[in-house]
Amino acid sequence: MSCSRRKLLKSALSASVAASLPLSAFRFLSPAECKAATGTEGTRWGFLVDTNKCVGCGFCVKACKKENEVPYDAPVTRTWVERYVVTKDSKTHIDSPMGGRDGFTDPKIRGEEIAPADIAKTFFVPKLCNQCENPACVQVCPVGATYQTGDGVVLVDRKWCIGCGYCIMACPYGVRFFHPVHKVAEKCTFCYHRISNGQQTACVDACSFGARQIGNLLDQNDPVTKIIMTERVAVLKDEYGTKPQVFYLGLDRNVR
Amino acid sequence: MKNHVLRPLWCVLAAIALTLIVRHFMVPADFGVNGESFTYSYHRLSNVDEWRDFKAKYKGREYCQECHEENVAETSSSKHQLIQCENCHGPAIDHPDDPETLAIDTSRELCLRCHASLPYPDNPRSRIKAIDPNRHNTDTACIECHNPHNPNLEEG
């Protein structure tokens, strides 16, 4: 076996490089460590609503309003619950009194009595901002007051908003409204102050039945991500191309 | 060149200069494209931290446990174990400093959110025992007969 000078120098060099590599370069980082090291990078907040579980108690709406200082008795809310009653003649009856804040305690829908024998199916659908990947509301803002954060949440800069209302008109889901106190555009923030500090959103915490969940879509081991990847989920108004990040289990075609 | 041509020109230039100067002082340094796209990330960066620093008001059951151990223990082994304390008692915020005590809602409406009967056999609501609020012991608060922390029909 012969060894040329070039070959010897080469192997000597690679050996010294390999030896100088610290062992820590090969350590696996836990997902939390990765997240801490990269800030919002590696996080994409997604929401899962299981309409099969919602009983229409309205505690999520109450919690959202109190947590986020949305005037309690004003007819505006960041999240709400709709009741759908489909009768056997294929008519759909929908209501959401005060956004469902006080729950659904009356079988009457908008004052209309529906005979139990006529009911084909019923369900409650919680709604909130879809935190779209392509948010139409952000595109139309003339002053750069509303924007998408690195982890995918659409926020409104209250100091910058001029209250023109374009975004309120642009949202296909009607989740934006005019804040009666701050006089600016207002919307669901996925409780950004809670999720960025390791908590759940107020509505997720308030739900006793697991109808609402939030998770990181970029984390393959996140229970929410797993469900979205492996089960049949739907989004609202897919045809608008806004790419909603709120996913629904058990969504009926009557829900718009 | 004639004065009457130059004068408006100076005015226009002065106006532009003024706008730029005002803009320089009015627009914060962190305003701009803070992200990948001009369309979605054009904003004032410090606003993200302003939202992060918003005060959380709901504390969760673990917090109540520190002082109301008995109530937590009672509730967590009851049929109401899934219900968060603050759903019924309101957000704790800085309780017991501010507010010193949480209001107690003794209304029937609180319970009817889940227990008012609706004729929806296919709905998850029907898994919760229901009563007709207009017939079930009207005019009396539910908690006169039922323990909100540990409802139990067997005990009566």
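Predicted model only: the values in this text are computed from it and were never measured.

Criteria and thresholds
- Residues numbered from 1 in each chain as written.
- Chains lettered and ligands numbered in written order.
- Predicted model: local features only at pLDDT ≥ 70, side-chain atom pairs only at ≥ 80, totals over all residues.
- Heavy atoms only, no water.
- Helix = DSSP H or I, 4+ residues; strand = E, 2+ residues; numbered from the N terminus.
- Buried < 20%, exposed > 50% of the residue type's maximum accessible area, 1.4 Å probe, protein only.
- Contact = heavy atoms within 4.5 Å.
- Areas by Shrake-Rupley, 256 points an atom, 1.4 Å probe, with all protein chains shown as cover.
- Core = buried A, V, L, I, M, F, W, Y, C linked by side-chain atoms within 4.5 Å.
- Pairing = 2+ DSSP bridges.
- Axes fitted to C-alpha atoms, helices over the stretch in contact; angles between N-to-C directions.
- Salt bridge = Lys/Arg side-chain N within 4 Å of Asp/Glu carboxyl O.
- Buried area = accessible area lost by both parts, 1.4 Å probe.
- Polar contact = N/O pair within 3.5 Å; in protein donor to acceptor, adjacent residues only side chain to side chain.
- Phe/Tyr/Trp six-rings, centres within 6.5 Å; stacked < 30°, edge-to-face > 60°.
- Lys NZ or Arg CZ within 6 Å of the ring centre and 35° of its normal.

A. Structural context of the overall build of chain A. Regarding its fold elements, chain A presents 8 helices and 10 strands. With 256 residues in all, chain A has 49% of them scored as buried. Relative to all contacts within chain A whose residues are 6 or more apart in sequence, the contacts with residues 24 or more apart total 62%. Here chain A displays about 12700 Å² of accessible surface, and carbon together with sulfur accounts for 56% of that area.

B. A look at the nonpolar core. Ranked by internal contacts, the top residues of the largest apolar core, which has 44 residues, are Phe47(A) and Phe190(A). It is strand β2 (residues 80–87) of chain A that provides the largest number of residues to this core, a total of 5 residues.

C. Broad picture of the sheet that holds strand β4 (residues 119–127) of chain A. Residues and elements named next belong to chain A. Strand order in the open sheet formed by 3 strands is β3-β2-β4, with antiparallel pairing between adjacent strands. On the outer flanks of this sheet lie β3 (92–95) and β4, each paired with one strand and no other. The sheet shows a mean angle of 15° between the axes of neighbouring strands, direction not considered. With 4 bridges joining them, β2 and β3 adopt antiparallel strand pairing. Paired with valine 85 across the two strands is histidine 93, which belongs to β3.

D. Representation of the pattern of salt bridges within the structure. All names here are of chain A. A complete count under the given rule lists 19 salt bridges over all chains for this structure. Linking lysine 127 and glutamate 82 is a salt bridge whose minimum nitrogen-to-oxygen distance equals 3.1 Å. Of this pair, lysine 127 sits in strand β4 while glutamate 82 sits in strand β2, and the two are 45 residues apart along the sequence. Residue glutamate 82 is classed as buried on the basis of its relative accessible area, which comes to 12%. A salt bridge links arginine 194 to aspartate 205; the nearest nitrogen and oxygen atoms lie 2.9 Å apart. Placement of arginine 194 in helix α6 (residues 192–195) and of aspartate 205 in helix α7 (residues 202–206) is noted, with a sequence separation of 11 residues between them.

E. View of the sheet that holds strand β10 (residues 246–249) of chain A. Residues and elements named next belong to chain A. If you walk across this open sheet you meet the 3 strands as β9-β1-β10, and the pairing is mixed. Sheet topology places β9 (212–216) and β10 at the edges, where each strand pairs with a single neighbour. Direction aside, neighbouring strands of the sheet carry axes that sit 25° apart on average. Across 4 bridges, strand β1 (residues 45–50) lies against β10 in parallel orientation. Looking at β10, one finds that aspartate 50 is bridged to leucine 249. Where helix α8 (residues 223–230) meets the sheet, it contacts β1, β9 and β10, and its direction lies at approximately 95° from that of β9.

F. Representation of the interface of chain A and chain B in the model. Each side of the interface is counted separately: chain A has 61 residues, and chain B has 40 residues. Summed over both partners, the interface of chain A with chain B buries about 4200 Å², with 57% contributed by carbon and sulfur atoms. Linking chain A with chain B are 4 salt bridges. In this structure, Glu69(A) engages Lys57(B) in a salt bridge whose closest nitrogen and oxygen atoms are separated by 3.2 Å. Counting the contacts that link chain A with chain B gives 24 residue pairs in polar contact (both at pLDDT 80 or more). Among the elements of the structure, α3 (59–67), β2, β4, α4 (136–139), β5 (146–148), β6 (154–156), α6 and α7 of chain A are those that each provide at least two residues to the side of chain A that touches chain B.

G. Structural context of the packing of aromatic side chains. Taken as a whole and judged by the stated rule, the model has 8 aromatic pairs over all chains. When the centroid spacing of 5.0 Å and the interplanar angle of 70° are considered together, the rings of Phe31(B) and Tyr42(B) count as edge-to-face. With Phe31(B) in strand β1 (residues 31–33) and Tyr42(B) in strand β2 (residues 42–44), this residue pair connects regions lying 11 residues apart in the sequence. Residue classification places Phe31(B) among the buried positions, given a relative accessible area of 14%. Its relative accessible area of 26% is what places Tyr42(B) among the partly exposed residues. Three or more aromatic residues joined by ring pairs make a cluster, and in this case those are Trp160(A), Phe31(B), Phe38(B) and Tyr42(B). Over the ring of Tyr72(A) we find Lys65(A), and its NZ or CZ is 5.9 Å from the ring centre. The cationic tip of Lys237(A) hangs over the ring face of Tyr240(A); the distance from NZ or CZ to the ring centre is 5.9 Å.

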